[in-house]
Amino acid sequence: MRDRIRDAPDKSGRERPQNLPPNLPSSHFHCTLCGSLHMARSSTSVDVAVIGAGPYGLSLAAHLRARGVEHRIFGEPMGPWKTNMPLGMLLKSYPWATSLSDPESEFDLKSFCTERALPYHDELMPLPLSRFIDYGETFQARYVPAVERKTLIALEPGSGVLRATFDDGETVHARRVVVSIGLHPFKRLPQEAAHLPTELCSHSGEYGSLETLDGSEVIVVGSGSSATDLAALIHEKGIAVSLIARRPKLHFADGPRHRSLFARAAAPMSGIGHGWTLATCAKYPQLIRHFSKDLRVRLANHKALGPLGGAFVKDRVVGQVPVRLSQAIRGVETRNGKVVLDLVDSAGARRSMRADHVIFATGYKVDVSRLGFLSQTLLHRMQLVDGAPQLSAHYETTVPGLHFIGPAAANSFGPVCRFVYGTDHPARHLARHLSTVLARVRPALQLRPLDRTVSP
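Everything numeric here is computed off the predicted structure, so don't read it as measured data.

## Overview of helix H5 (residues 225-236)
Then, in step 1: With twelve residues, H5 ought to run about 16 Å at 1.5 Å a step, and its terminal C-alpha atoms sit 16 Å apart, in line with that.
Then, in step 2: Among the residues of H5, those classed as buried are Ala227, Thr228, Asp229, Leu230, Ala231, Ala232, Leu233 and Ile234.
Then, in step 3: Lining the buried residues of H5 we find strand S6 (90-91), strand S12 (217-221), strand S13 (240-244), helix H10 (314-317) and strand S20 (357-360).
Then, in step 4: In the segment just after H5, Gly238 is the residue with positive phi, at about 80°.

This is the structure in structure tokens:
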């Protein structure tokens, strides 16, 4: 069903910013995030604004479109997957568990590969990043053709709506806003590295191309899939690289193997891992929401989901890349244009390592206060659970009309929200809920003028 977008004159009543030059026309505004001037556009209104066009945002928009819910979706389709992950990377999840959610469940990854005559197996072969991006973009073209490639710079409360301002100057008044921005805004660097310049230090979530590392000596810090994937890819490009980790051993996912009936019963396989706990989390996210706050946070960071390299990367790292384990960082400094890491092992022995560049594959920590587009008013009204929003059964925060899906929902709905496999539940549930709620609102709005004419 076609998306409906209504244009309306700007009635936002925004005051002219005080920091504009006196002769600047009112058709421009100053962006406090990037410091640039942008052309202002008329404000518009919409029932639902979806922020983010990754797997979760695209899946939700596909379901909203099928139900005829008026909506707009903003962002670069599969953006962080295209710009913040290195080409050549292999996804850790099984291919069968890496599909977006469409209303009829007819276009999974297997169907895409069949259409393109591409090799595919549920478990026996890895899924390259490039193929997953191709699948996501094909899904978008087929189910969500009206993605608007622009960036949200401000989200504020309005009169019965949320007011979203974008980098092209448009202001959108939305009855509901669904934030689906993935993990990229929540990159975590160790405190010891906070002072390092970007030419010497980066986070694994900033790659992308590895060309800037050519000719350098590199250290990768971490033991999970981001660390091992990057170390393998950098080594295979002929760049000198070492991997250091705090853990005493690198762990990798099990390779494809036959599992006996007993093994499958004792530890059933789910879309996010083996075992009854993860299988329950994968299948019943609504159940997780009723657990205590502490239990939900523990489940969202389940030890089985800790640092784990992909099954198909192990042989590209072990015996290939110099690895130093049980190394804790005690200090980081720069010396003669290089980074020097002060390390101590489990026995208390100290050593230092130096490199031209250090990549910290140190994960992510959801903290919505780091989202620059959220106004302080919204942040103060939002109840949080360990930095993530506390969500209702309908993925709604304590700010009416503001919803979060994807990894930011994990502290409420469990670890499935951290996986592409988790796209189906919020897409179906939220699309159904919003179509029902908004259907009640629209008739009421349409009847008001008539009510006034017949009143005494």
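## Examining the nonpolar core
Then, in step 1: By size, the foremost hydrophobic cluster in this structure holds 78 residues, and its most contacted members are Leu155, Leu374 and Phe404.
Then, in step 2: Sequence-distant contacts of Phe404, defined by excluding residues within four places in its chain, comprise Val179, Val368, Leu371, Leu374, Met382, Pro389, Leu391, Tyr395, Thr397 and Ala409.
Then, in step 3: Listed in part, the 21 residues of the second largest apolar core include Ala227, Ala232, Ile239 and Val313.

## Observations regarding the packing of aromatic side chains
Then, in step 1: Per the counting criterion, the structure on display carries eleven aromatic pairs.
Then, in step 2: Ring geometry for Trp81 versus Phe132: centroids 4.8 Å apart, planes at 65°, classification edge-to-face. One end of the pair, Trp81, is in helix H2 (residues 79-83); the other, Phe132, is in helix H4 (residues 129-143), and 51 residues separate them in sequence. Each member of the pair Trp81 and Phe132 is classed as buried.
Then, in step 3: Note on Trp96 and Tyr421: the rings are 5.9 Å apart at their centroids and 80° apart in plane angle, and the pair reads as edge-to-face. Of the two residues, Trp96 sits in the loop between S6 and helix H3 (109-115) while Tyr421 sits in the loop between helix H12 (410-413) and helix H13 (424-454), which places them 325 residues apart along the sequence.
Then, in step 4: The ring of Phe107 carries the charged tip of Arg142 above its face, separated from the ring centre by 4.1 Å.
Then, in step 5: Here the basic side chain of Lys150 rests over the ring of Phe166, its NZ or CZ set 5.5 Å away from the ring centre.

## Points about unusual backbone geometry
Then, in step 1: Cis geometry marks the peptide bond from Tyr207 to Gly208, where omega comes out at 0°.
Then, in step 2: The topology assignment puts Gly208 in the loop between strand S11 (201-203) and S12.
Then, in step 3: Of note in the backbone geometry, Met78 takes a positive phi value of approximately 55° without being a glycine.
Then, in step 4: Relative to the helices and strands, Met78 is located in the loop between strand S5 (71-74) and H2.
Then, in step 5: Although it is not a glycine, Asp386 sits at a positive phi angle of roughly 55°.
Then, in step 6: For Asp386, a relative accessible area of 44% puts it in the partly exposed group.

## Structural notes on the sheet that holds strand S17 (residues 327-335)
Pairing between the strands of a sheet comes from backbone hydrogen bonds, and it takes one of two forms, parallel or antiparallel.
Then, in step 1: What the three strands build is an open sheet, ordered S17-S18-S19; its pairing is antiparallel. Each edge of the open sheet carries a strand with a single partner, namely S17 and strand S19 (350-355). Strand after strand, the sheet turns through a mean of 25° between neighbouring axes, direction not considered.
Then, in step 2: The sheet contact formed by strand S18 (residues 338-345) and S19 spans six bridges and is antiparallel. Each residue of the ladder has a partner; that of Asp342, found in S19, is Ser352.

## Observations regarding the confidence of the model for the protein chain
Regions with low pLDDT should not have their predicted coordinates read in detail.
Then, in step 1: Averaged over every residue, the pLDDT of the protein chain is 86; residues scoring 70 or more account for 86%.
Then, in step 2: Scored below 50 in pLDDT, residues 1-41 shows 72 contacts in the model against residues more than four places distant or in partner chains.
Then, in step 3: Scored below 50 in pLDDT, residues 444-456 makes one contact in the model with residues more than four places away or belonging to other chains.

## Focus: the pattern of salt bridges
Then, in step 1: If you walk through the whole model with that rule in mind, you get 18 salt bridges.
Then, in step 2: For Lys82, the salt bridge identified is with Glu76, shortest N-O distance 2.8 Å.
Then, in step 3: One network of salt bridges, with partners in common, ties together Arg72, Glu148, Lys150, Asp168 and Glu170.

Here is what the cut-offs are and how they apply
Each chain carries its own residue numbering, running from 1 in the direction its sequence is written. Per-residue local features of the predicted model are confined to residues with pLDDT of at least 70, and side-chain atom pairs are confined, for both listing and counting, to 80 or more; whole-chain, interface and lining totals are unaffected and use all residues. Computation of side-chain values: all heavy atoms of the structure, hydrogens and water removed. The helix and strand labels rest on DSSP assignments: H or I over at least four residues marks a helix, E over at least two residues marks a strand, and numbering proceeds from the N terminus. The span expected for a helix works out to 1.5 Å for each residue beyond the first. Each residue is placed in one exposure class: buried if its accessible area under a 1.4 Å probe, protein chains only, is under 20% of its type's maximum, exposed if it is over 50%, and partly exposed if it falls in between. We call two residues in contact whenever any of their non-hydrogen atoms come within 4.5 Å of each other. As used here, the term nonpolar core means buried Ala, Val, Leu, Ile, Met, Phe, Trp, Tyr and Cys residues forming a set that is joined through side-chain atoms within 4.5 Å. A pair of Phe, Tyr and Trp rings is counted when the ring centres sit within 6.5 Å of each other, with Trp represented by its six-membered ring. The angle between the planes then sorts it: under 30 degrees is stacked, over 60 is edge-to-face, the rest tilted. Two limits define a charge over a ring: the Lys NZ or Arg CZ must be within 6 Å of the ring centre, and within 35 degrees of the ring normal. Think of it this way: DSSP has to see at least two bridges between two strands before they count as a pair. Comment: axis = line fitted to C-alpha atoms, over the contacting stretch for helices; angle = value between 0 and 180 degrees taken between N-to-C directions. A residue's pLDDT is the confidence the predictor assigns to it, expressed on a 0 to 100 scale. By salt bridge we mean one thing: a side-chain nitrogen of Lys or Arg within 4 Å of a carboxyl oxygen of Asp or Glu.

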